[in-house]
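Secondary and tertiary structure notes
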Amino acid sequence: MLTLECPYCGVQADETELSPGGEAHLKRFGPGSDIDDFEGYLFMRENPKGVHFERWRHAYGCGKWFLAARDTATLEVFGTYPAQTTEPPQALREAISAKRPGWRWRDFA
Amino acid sequence: MKHYSVFAVAREALRQHTGWDRAWAKAEPKKKYDVIIVGAGGHGLATAYYLGKNHGIRNVAILEKGWLGGGNTGRNTTIIRSNYLQDPSAAIYEKSRSLYETLSQDLNYNIMFSPRGVMMLAQTQHEIRGYQRTAHANGLQGVETAFIGPDKVKELCPIINISGPRYPVLGALWQPRGGTARHDAVAWGYARACSAMGMDIIQQCEVTGIRRDAGKVVGVDTTKGPIDCDKLALVTAGHIGVMANMAGFRLPVESLALQALVSEPIKPVMDVVVMANTVHGYMSQSDKGEMVIGGGTDGFNNYTQRGSFHHIEETVRALVETFPMISRLKMLRQWGGIVDMTGDRSPILSKTPVEGIFVNCGWGTGGFKAIPGSGWAMAELMAKGASPLTEEFSMWRFREGKFIDESVAAGVAH
């Protein structure tokens, strides 16, 4: 079973305690934006086999949204961090690089 | 290819079964093919078969990373139905169901199609209205379905508890011509027929790159060396995102794990397929006597062909309420497959931004039933450049807002 540590309340939360919220760090494109950007924001997804960043909610705990870095090919969890950020923290990126040299996800590496 | 028949069985019985050939030939890649299909599952093999049979294109290779039919083709719950709400879906799924009816004869391979009937239970007032609407839509589409009451449900499937405390059975959408088939045999039958037409089925050959020149595909790199081609079909289900990445375009698809399980074999207790979408579970009995059970997908991206245990628990809990007699059954095996989910839960059969590359993906949780129709339509699209069956399933329908929204219509058990 997938276990993620909630970065707010510090609980090691089981999957049954959490709600998955899809891909992280999506940049919102609203009305009036370019059709390619709008389509990309609404529908296109990274769907990588490997390092992935996701939104999760500690639904049956503190109720807060947070972000997690996982490997979709092995289910290994690299870490979690608060949702109030536009990119993964440097320490986490370095921790991922130590385990998955040369990883790349959108513009992050 | 030797013809399979009762006489062949009798002849071989008299000589200790020494005369059977391999069903399909082992092949090594040639330098160039007219068409390369990536993925030797049901959809890929069916595409190859109809390219050869309907369009005379036989210089075809089917590349498979693992073994033939070892992905979702061998991991589903083998349900065949076509009771969809939207017209484009009904057209392709009904084409598929009708092809299944004569597939054993067409392929000279017994796929054990069993049109035992599929029942989708209505367990809330909303579902009653939804399924009545679907039954009317199916009537206009030429798909034979009917909305039946709880008494008829009980008559067709006596082991159902129709007066369940939380979700009583209020009726069902009944498709008498739906049913099941032997999933491996579908892949094996198509493979045998493709091989007989001279196509190369190359297993344990992983595609590692897609070579392009001026926006047009020229070939693929594989673990068995580079192979050239004029046209390329990507039919890799859960791994379609990986292929699209190699080809340099994006798809509106996410890969999730979907699980199924079977019980120990018991004597025949149900001769229909029952789907209970409100409580997230569906069940049928295989010819061996195992109860074949499926449920919902996980909520997060996953490529491991393993799912989360709590989904199994939820599925079984729901089915025990609907079928109290299964509460003492032991479960034998559980497995997962990686399904490719699109935003509107409908497939993508389409050209792509790269000339010569075609995709057939997004079948999500309901691909097995569509294998013959998908292959038929995809072959037409690749041979002629257009097909009436694939017109609405373009990968650009999302940006145009032309969804084929079956996520509401089909619920969980798609």
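Residues numbered from 1 in each chain as written. Chains lettered and ligands numbered in written order. Predicted model: local features only at pLDDT ≥ 70, side-chain atom pairs only at ≥ 80, totals over all residues.

Points about the overall build of chain A
Within chain A one finds two helices and six strands. Beginning at the N terminus, the succession of helices and strands in chain A can be written as β-β-β-α-β-β-β-α. Computed over C-alpha atoms, the radius of gyration of chain A comes to 14 Å, within 12% of the 13 Å expected from 2.2 N^0.38 for 109 residues, which places it in the range of a compact globule. Judged by the C-alpha coordinates and their principal axes, chain A covers about 40 × 35 × 25 Å. Burial status across chain A gives 24% buried among its 109 residues. Taking as baseline every contact in chain A between residues at least 6 positions apart, the subset at least 24 positions apart corresponds to 49%. (Helix = DSSP H or I, 4+ residues; strand = E, 2+ residues; numbered from the N terminus. Rg over C-alpha atoms; globule rule 2.2 N^0.38 Å. Buried ≥ 20, exposed ≤ 12 C-beta atoms within 10 Å, placed from the backbone. Contact = placed C-beta atoms within 7 Å.)

Overview of the sheet that holds strand E6 (residues 171-175) of chain B
All names here are of chain B. Spatially, E5-E6-E4-E13-E14-E15-E12-E16 is the arrangement adopted by the eight strands of the open sheet, whose pairing is mixed. In this open sheet, the two edge strands, each paired with only one partner strand, are strand E5 (146-148) and strand E16 (331-342). Ignoring which end each strand starts from, the neighbouring axes of this sheet average 25 degrees apart. For strand E4 (residues 118-122) and E6, the ladder comprises five bridges, and the chain directions are antiparallel. Within E6, the position partnered with Val118 by the bridge is Gln175. Lying on the sheet, helix H9 (residues 309-322) is in contact with strand E12 (253-263), strand E13 (273-276), strand E14 (281-285), strand E15 (291-301) and E16; it crosses E15 at an angle near 140 degrees. (Pairing = 2+ DSSP bridges. Axes fitted to C-alpha atoms, helices over the stretch in contact; angles between N-to-C directions.)

Concerning the domain arrangement of chain B
Where interface size is quoted, it is often the accessible area lost as the parts come together. Residue and element names in this part refer to chain B. Here chain B is partitioned into domain 1 (28-109 + 182-246 + 344-410) and domain 2 (118-179 + 255-342). Computed from C-alpha atoms alone, the centre-to-centre distance between domain 1 and domain 2 is 27 Å. Taken together, the contacts link 30 residues of domain 1 with 29 residues of domain 2. Mapped onto the side of domain 1 that touches domain 2, the elements with two or more residues apiece are strand E3 (79-80), helix H3 (87-101) and helix H8 (240-247). Of the residues contributing to the side of domain 1 that touches domain 2, the split by class is ten nonpolar, 13 polar and seven charged. (Domains from an automatic or database assignment. Nonpolar A, V, L, I, M, F, W, Y, C, P; charged D, E, K, R; others polar.)

What to know about the interface of chain A and chain B
Contacts between the two partners involve 17 residues from chain A, matched on the other side by 19 residues from chain B. Those elements that provide at least two residues to the side of chain A that touches chain B are helix H1 (35-42) and strand E4 (51-57) of chain A. Classifying every residue of the side of chain A that touches chain B by side-chain character gives eight nonpolar, four polar and five charged.

Remarks on the nonpolar core
All names here are of chain B. The biggest cluster of nonpolar side chains holds 120 residues, and the ones touching the most others in it are Ile36, Ile62, Met119 and Val274. Each of domain 1 (28-109 + 182-246 + 344-410) and domain 2 (118-179 + 255-342) contributes no fewer than three residues to this core. When sequence neighbours within four positions are dropped, the list of residues in contact with Val274 reads Met119, Leu121, Cys157, Ile160, Tyr282 and Met283. (Core = buried A, V, L, I, M, F, W, Y, C linked by C-beta atoms within 7 Å.)

A short note on the packing of H3 of chain B against helix H10 (residues 371-384) of chain B
All names here are of chain B. One can describe the packing of H3 onto H10 by two numbers: an axis separation of 6 Å at closest approach and a directional angle of 115 degrees. Judged by the inter-axis angle, H3 sits roughly perpendicular to H10. Where H3 crosses over H10, the handedness of that crossing is right-handed. Mapping the contact onto sequence places Ile92, Tyr93, Lys95, Ser96, Leu99 and Tyr100 in H3 and Ile371, Pro372, Gly373, Ser374, Trp376 and Ala377 in H10. Split by residue class, the contact of H3 with H10 holds eight nonpolar, three polar and one charged. (Parallel < 35°, antiparallel > 145°, perpendicular 65-115°, else oblique. Left-handed = near helix turned anticlockwise from the far one by under 90°.)

Focus on unusual backbone geometry
Even without a glycine there, the phi angle at Asn47 of chain A is positive, about 45 degrees. The topology assignment puts Asn47 of chain A in the loop between H1 and E4. Judged by C-beta crowding, with 26 C-beta atoms within 10 Å, Asn47 of chain A ranks as buried. One non-glycine residue with positive phi stands out, namely Ala214 of chain B, at about 50 degrees. Take Ala214 of chain B: it is sitting in the loop between strand E9 (207-213) and strand E10 (216-222).

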